[in-house]
Amino acid sequence: MIELQNKIIQWADEKGLSNPSSVDSELVTSQYLKLLDKFGDLSNSILKDKSPKEEIGECLLSIIILSTQLNVELDFSQFKDGLLDKEDKKKKLLYITKALGGLSEYIIMLHNNQNFKSTLKVLTLVIEGFIYLIIEQLYNLSQIYNLSFEECLQLVYDKIKNIDGVIFEGAFIKSSDPMFQTVCATLAARRVHFYNNF
């Protein structure tokens, strides 16, 4: 799992989805919203009683990238050896929703406060707690469906590892996205404007 996690971090770095030297509130906000999107897919899959293998992998991928953006180190080694608890699937989704809500309060703080570096260490501890609550419930869901984190994450990594795209206003736009050409033209125009005014 560590090797796969490192590949994802490297992929995110190569795509401009993380900035190891500082926390970028625009990237963090976009990645948090991506996590919410993937959680919606997970909820939909579980409500339809479909295997959530890909959806769990997408949530994990989003969490790994978000954690990297926030300089939170993740340790998945504690999530092994069976189910942590046997509550029903919908209740696990509610626990994730609660943790996502708590996490959103701190993401909003980061997004609204341009000088958050002084409070980042304290916020990181709280954010880390919410992230681990989400991971714990994702782990429980994976165990209910007899899935391992690694197989869920590998499925998603195999799909994204060769995707090309650009970062635009904090979001990753895939080259297959219909907006891609427009975004590239906008980015090129901004570069020309920048150099002309330099």
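Residues numbered from 1 in each chain as written. Predicted model: local features only at pLDDT ≥ 70, side-chain atom pairs only at ≥ 80, totals over all residues. Heavy atoms only, no water.

Peer 1: Please give an account of the pattern of salt bridges that cites residues and values.
Peer 2: The full count for this structure, using the stated rule, is 8 salt bridges. One salt bridge connects Glu151 with Lys53, and the closest N-O pair in it is separated by 3.7 Å. Taken together, the positions of Glu151 in helix α6 (residues 149–160) and Lys53 in helix α3 (residues 53–69) put the pair 98 residues apart, joining distant regions of the chain. (Salt bridge = Lys/Arg side-chain N within 4 Å of Asp/Glu carboxyl O. Helix = DSSP H or I, 4+ residues; strand = E, 2+ residues; numbered from the N terminus.)

Peer 1: Can you explain the nonpolar core? Please cite residues and give values.
Peer 2: By size, the foremost hydrophobic cluster in this structure holds 52 residues, and its most contacted members are Leu42, Leu70, Leu74, Leu103, Ile135, Leu138 and Phe149. Contributing elements (two or more residues each) for this core: α1 (2–14), α2 (25–47), α3, α4 (89–112), α5 (117–144) and α6. (Core = buried A, V, L, I, M, F, W, Y, C linked by side-chain atoms within 4.5 Å. Buried < 20%, exposed > 50% of the residue type's maximum accessible area, 1.4 Å probe, protein only.)

Peer 1: I'd like a description of the packing of α2 against α3, backed by residues and values.
Peer 2: Relative to each other, α2 and α3 sit at 165°, their axes nearing to 9 Å. Accordingly, the angle class assigned to the pair α2 and α3 is roughly antiparallel. Viewed along their axes, α2 and α3 form a crossing whose handedness is left-handed. For the pair α2 and α3, contact is made by Leu27, Val28, Gln31, Tyr32, Lys34, Leu35, Lys38, Phe39, Asp41, Leu42 and Ser45 and by Glu55, Ile56, Glu58, Cys59, Ser62, Ile63, Ile65, Leu66 and Gln69, respectively. The class makeup of the residues in the contact of α2 with α3 is 11 nonpolar, 4 polar and 5 charged. (Axes fitted to C-alpha atoms, helices over the stretch in contact; angles between N-to-C directions. Parallel < 35°, antiparallel > 145°, perpendicular 65-115°, else oblique. Left-handed = near helix turned anticlockwise from the far one by under 90°. Contact = heavy atoms within 4.5 Å. Nonpolar A, V, L, I, M, F, W, Y, C, P; charged D, E, K, R; others polar.)

Peer 1: Give a description of α3 that names residues and reports values.
Peer 2: Over its 17 residues, α3 extends 25 Å from the first C-alpha to the last, a length consistent with the 24 Å expected when each residue adds 1.5 Å. Counted residue by residue, α3 has 15 buried out of 17 residues, so it is predominantly covered. (Expected span 1.5 Å × (residues − 1).)

Peer 1: Residues and numbers for the packing of aromatic side chains, please.
Peer 2: Under the defined criterion, the tally for this structure stands at 6 aromatic pairs. An angle of 15° between the planes, with centres 6.3 Å apart, marks the rings of Phe79 and Tyr132 as stacked. With Phe79 in the loop between α3 and α4 and Tyr132 in helix α5, this pair connects stretches of sequence that are 53 residues apart. Using a relative accessible area of 15% as the deciding quantity, one classes Tyr132 as buried. Among the aromatic residues, those joined into a cluster by ring pairs are Phe76, Phe79, Tyr132, Tyr139 and Phe149. (Phe/Tyr/Trp six-rings, centres within 6.5 Å; stacked < 30°, edge-to-face > 60°.)

Peer 1: Pulling in residues and values, what's your account of the environment of Gln10?
Peer 2: Tracing the sequence through the fold places Gln10 in helix α1. Overall, Gln10 belongs to the partly exposed group, its relative accessible area being 47%.

Peer 1: Can you lay out the packing of α2 against α4 for me, pointing to particular residues and giving the numbers?
Peer 2: At a minimum axis distance of 11 Å, the contact between α2 and α4 shows a crossing angle of 170°. Relative to α4, the element α2 is oriented roughly antiparallel. By crossing handedness, the relation of α2 to α4 is classed as left-handed. On the side of α2, the interface is formed by Ser25, Glu26, Val28, Thr29, Tyr32, Leu35, Leu36, Phe39, Leu42, Ser43, Ile46 and Leu47, while α4 contributes Lys89, Lys90, Leu93, Ile96, Thr97, Leu100, Gly101, Leu103, Ser104, Ile107, Leu110 and His111. Taken together, the residues of the contact of α2 with α4 sort by class into 14 nonpolar, 7 polar and 3 charged.

Peer 1: Talk me through α1; I want residue IDs and the actual numbers.
Peer 2: Taking 1.5 Å of rise per residue, the 13 residues of α1 would be expected to cover 18 Å, and the 18 Å separating its terminal C-alpha atoms lies within 8% of that figure. Buried within α1 are the following residues: Leu4, Gln5, Ile8, Trp11 and Ala12. When α1 is viewed along its axis, its buried side chains cluster within an angular range of 120° and face the same direction. Turned more than 90 degrees away from the buried face of α1 sit Ile2, Glu3 and Glu14, all of them exposed. (Arc of directions from axis to C-beta.)

Peer 1: If you had to explain unusual backbone geometry to someone new, which residues and values would you point to?
Peer 2: With phi around 55°, Asp49 is a residue other than glycine that occupies positive phi space. Residue classification places Asp49 among the exposed residues on the basis of a relative accessible area of 54%. For Asn146, which is not glycine, the phi dihedral falls at a positive 55°.

Peer 1: Run through the side chain of Glu55, naming residues and quoting values.
Peer 2: Relative to the assigned elements, Glu55 resides in helix α3. The buried charged residue Glu55 lacks any salt bridge partner; its closest oppositely charged side chain belongs to Lys50, at an N-O distance of 5.4 Å. With near-sequence residues (within four places) excluded, Glu55 lies in contact with Asp41, Leu42 and Ser45. (Lys, Arg positive; Asp, Glu negative; His and termini not counted.)

Worth remembering: the numbers are spatial, not functional.
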